Amino acid sequence: MGIIPPTTDPVMVYAAFCLAVATFVLLLIRNRSKVTSSTSRLPPGPPGWPIIGNILDLGMAPHASLAKLQTKYGPLIWLRLGFVNTLVISSAEGALEMFKNHDNTFCNRYLNEALKICENYNGTITLGPYGPYWRMLRRICTTELFSRKRILDTAPLRRRCVDKLIAWISKEAKETVELAARPNIADFFPTLRPIDPQGLKKKMENKMLEVLEVVGNGKDEPTKISDTNLNIFILVSTQTLNYVFYMHELFMGATETTNSTVEWAMTELLTNPTTMKKVRDEITQVVGHKRSFEESDIDNLPYLRAVIKETLRLHPPIPLLVPRSVIKDTELMGYIIPQGTQVFVNVWGLGRDPASWDAPLAFKPERFLDSTVDYRGQNFEFLPFGAGRRICPGLPLGNQMLHLVLGSLIQSFEWSLEDGVTPETLDKSDKMGMSLRKAFLLKAVPKPVCL
Ligand code: HEM
């Protein structure tokens with residue numbers, strides 16, 4: 001038998017290369033389908049690729065990609081993200097089963113590496129492991145910060161902040177028009193730009209500082225909020241740094257979520273003029289224009305409450321909740337979910353599931369008017385604040401702030417879209433950051449209504 005010498009024929013080399021690539025791809029495809037067949041007590045899910053698993057299935061907007069997978073795989077979806085086992089709860093039925101019957105084994109947090117860079121995550125409510133220390137932090141939150149009495153007591157503080165916001169928008173509306181209309185010599189002679197001869201750039205910078213003053217600069221604001229609670233936290237906190245983390249997380253939790261919800265509410269109202277008119281008419285009728293909007297008005301404004309609910313249904317700021325981790329192997333809807341599995345609850349998908357909602361993509365606050373469905377963690381098709389032991393402890397405060405800010409903005413101004421933008425052309429796409437924000441900032445034009 002003779003030995004075949006290695007070929008140098010380029011055609012043969014190319015053919016051998018193609019054959020090797022084809023074999024490799026076939027092997028990958030075979031392995032891909034094996035992932036699901038060898039793990040039959042796990043929920044169904046799309047086949048993953050070796051090593052990367054299902055990472056590519058998430059795409060740029062995981063909440064939307066996962067909602068699409070729900071139609072094919074049902075209430076529980078199993079994914080492998082790299083080497084991380086992941087369960088996605090993607091229907092109200094799955095959420096009910098998890099929160100009602102297994103909350104105690106699903107209440108740890110799953111932390112990715114970036115979140116572990118500093119050991120102090122253990123001392124925060126959001127990321128801390130379920131246990132006695134976390135329970136103590138939660139108790140302080142619910143009894144000292146967000147109790148009904150404390151919320152009532154601090155209403156004037158929030159009203160003052162909103163007064164500042166309204167005053168700022170009124171002044172801004174007037175001054176921006178003036179500034180924009182003023183001819184700037186630096187626009188015509190670029191060499192003059194560094195010296196800003198008319199000081200117009202400086203004035204704009206000062207405006208930005210005023211914005212920070214209204215929104216809060218994240219440094220002294222937590223101290224202001226905590227005036228009356230400072231002592232309690234110093235007493236209970238064993239490490240000073242934990243206290244700083246604690247206040248910082250409450251501050252971040254509060255601002256990002258409420259800002260994003262108010263922006264989405266204004267976006268939906270500006271693109272649904274009939275709804276804007278209805279909510280404006282209700283506020284005019286109940287509150288009028290002779291006095292400020294107060295938190296005590298909220299109970300008398302069912303349509304405004306429905307607008308906030310509808311906004312949170314379509315645009316929950318934390319669309320997959322803060323990931324949970326399974327404490328021990330648990331049987332869920334007939335499947336075995338292994339200990340350590342990362343769990344996403346796709347509340348964005350639940351809010352748009354046609355099985356739970358009529359015309360799920362339409363902004364229709366009316367759906368909430370004669371309904372008892374709300375976001376306090378008992379209606380599993382609607383969970384913008386989460387549910388169970390880890391439900392958002394800031395819900396009572398967030399609830400007041402959302403109604404107060406949106407109600408005051410609508411009472412104090414008539415709003416329109418900027419020139420050239422119509423309800424049909426306004427870009428409503430979203431982008432994941434700290435929360436699910438509008439991809440492009442909403443630009444709305446206020447016209448003051450005299451109080
Ligand atoms: C529009 C307003 C808000 C929304 C939609 C919202 C939503 C959420 C969600 C979805 C979670 C995760 C719940 C879960 O895993 O089941 C959460 C947790 C949390 N939220 Fe909020 N939140 C809001 C306002 C606030 C406010 C005002 C505060 C405090 C001042 C706050 C503080 C927290 C904290 C500390 C956690 C962690 C709870 C834990 O892990 O035990 N949130 N929030």
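Residues numbered from 1 in each chain as written. Predicted model: local features only at pLDDT ≥ 70, side-chain atom pairs only at ≥ 80, totals over all residues.

Per an unreviewed UniProt entry, the protein chain is named N-methylcoclaurine 3'-monooxygenase, and its organism is Papaver somniferum. Listed under Cofactor (unreviewed entry) in UniProt, the entry text for the protein chain is "heme". (UniProt positions renumbered as here; feature names shortened; annotations may be inferred.)

A.B. asks: Explanation requested: the overall build of the protein chain in the structure shown.
C.D. replies: Looking only at helices and strands, the protein chain has 16 helices and 11 strands in total. A fraction of 68% describes how many contacts in the protein chain between residues 6 or more apart in sequence connect residues 24 or more apart. (Helix = DSSP H or I, 4+ residues; strand = E, 2+ residues; numbered from the N terminus. Contact = placed C-beta atoms within 7 Å.)

A.B. asks: Sorry, what's going on with helix α16 (residues 395-412) here?
C.D. replies: Since there are 3.6 residues in each turn of an α-helix, residues three or four apart along the chain are aligned in direction. For α16, which comprises 18 residues, the first-to-last C-alpha distance of 26 Å matches the rise-based estimate of 26 Å (1.5 Å per residue) to within 8%. For α16, the tally of buried residues reaches 15 of 18 residues, placing the bulk of the element in the interior. (Expected span 1.5 Å × (residues − 1). Buried ≥ 20, exposed ≤ 12 C-beta atoms within 10 Å, placed from the backbone.)

A.B. asks: For this particular structure, what's the right way to read the sheet that holds strand β3 (residues 108-109)?
C.D. replies: Reading across from one edge, β1-β2-β7-β4-β3 is the order of the five strands in this open sheet, with mixed pairing throughout. Looking at which strands have only one partner, the edges of the open sheet turn out to be β1 (76-81) and β3. As paired strands, strand β4 (residues 324-325) and strand β7 (residues 342-345) are joined by two bridges and run antiparallel to one another. Bridging across to β7, R324 finds its partner in V343. (Pairing = 2+ DSSP bridges.)

A.B. asks: What should I look at first to understand the site of the ligand in this one?
C.D. replies: Surveying the vicinity of the ligand reveals 26 residues, the closest of which are G253, G386, C392, G394 and G398. Counting residues per element, the ones that place at least two in the shell around the ligand are α12 (240-271) and α16. Ranked by residue count, the leading element in the shell around the ligand is α12, at seven residues. The class makeup of the residues in the shell around the ligand is 15 nonpolar, eight polar and three charged. (Near = placed C-beta within 6 Å. Nonpolar A, V, L, I, M, F, W, Y, C, P; charged D, E, K, R; others polar.)

A.B. asks: Is there a simple way to explain the nonpolar core in this structure?
C.D. replies: For soluble globular proteins, nonpolar side chains are generally found buried alongside one another. Grouped together as the largest cluster of nonpolar side chains are 60 residues, with contacts concentrated most on I89, A95, V345 and L383. Top element by residues in this core is α16. It accounts for eight residues. For L383, the contacting residues outside a window of four places in its chain are A95, V345, V347, L350 and G377. (Core = buried A, V, L, I, M, F, W, Y, C linked by C-beta atoms within 7 Å.)

A.B. asks: Just checking my understanding: could you explain the pairing of β7 for this structure?
C.D. replies: Remember that side chains alternate between the two faces of the sheet whenever the strand is regular. Here strand β2 (residues 84-89) runs beside β7; their pairing, made up of four bridges, is parallel. In the strand pairing of β7, V88 is matched with F344.

A.B. asks: Honestly, unusual backbone geometry in this entry has me stumped. Any pointers?
C.D. replies: Leaving glycine out, the prevailing phi sign among residues is negative, and the prevailing peptide bond configuration is trans. Residue I51 is not a glycine yet carries a positive backbone phi of 65°. Relative to the helices and strands, I51 is located in the loop between α1 (10-37) and α2 (55-58). Of note in this structure, L321 is not a glycine but carries a positive phi near 55°.

A.B. asks: Got a minute to help me understand helix α13 (residues 273-286) in this structure?
C.D. replies: Under the 1.5 Å per step criterion, the end-to-end length of α13 is 20 Å for 14 residues, consistent within 8% with the ideal 20 Å. One or two steps after α13, the chain reaches G288, where phi turns positive at roughly 75°.

A.B. asks: I would appreciate a short explanation of the UniProt feature "binding site: heme" (unreviewed entry) in the protein chain in the present structure.
C.D. replies: The UniProt record marks C392 with the feature "binding site: heme" (unreviewed entry), using the residue numbering of this structure. Relative to the helices and strands, C392 resides in the loop between α15 (347-351) and α16.

A.B. asks: Can you walk me through the packing of α13 against helix α14 (residues 302-314) in this structure?
C.D. replies: For any two helices packed against each other, the geometry is given by the interaxial angle and the distance between the axes. Two numbers describe how α13 lies on α14: the axes approach to 8 Å, and their chain directions differ by 140°. Between α13 and α14, the crossing angle belongs to the class labelled oblique. As α13 packs across α14, the resulting crossing turns out to be left-handed. Contacts from K278, V279, E282 and I283 in α13 reach Y303, L304 and V307 in α14. Taken together, the residues of the contact of α13 with α14 break down into five nonpolar, no polar and two charged. (Axes fitted to C-alpha atoms, helices over the stretch in contact; angles between N-to-C directions. Parallel < 35°, antiparallel > 145°, perpendicular 65-115°, else oblique. Left-handed = near helix turned anticlockwise from the far one by under 90°.)

A.B. asks: What is the right way to read the pairing of β1 from this model?
C.D. replies: Most of β1 sits inside the fold, with five of its six residues counted as buried. Looking at chain direction, β1 and β2 are connected through six bridges and run antiparallel. Bridging from a neighbouring strand, R80 pairs with N85 of β2. A loop of two residues connects β1 with β2, the two strands running antiparallel in sequence, and G82 in this loop sits at a positive phi of about 65°.

A.B. asks: What is the right way to look at the environment of V88 in this model?
C.D. replies: Along the chain, V88 falls in strand β2. Judged by the 28 C-beta atoms lying within 10 Å of it, V88 falls in the buried class. Along the sequence, V88 and L320 sit 232 residues apart, while their C-alpha atoms lie 8.7 Å from each other. If near-sequence neighbours (up to four positions away) are discounted, V88 is found in contact with L66, I77, L79, F344 and N346.

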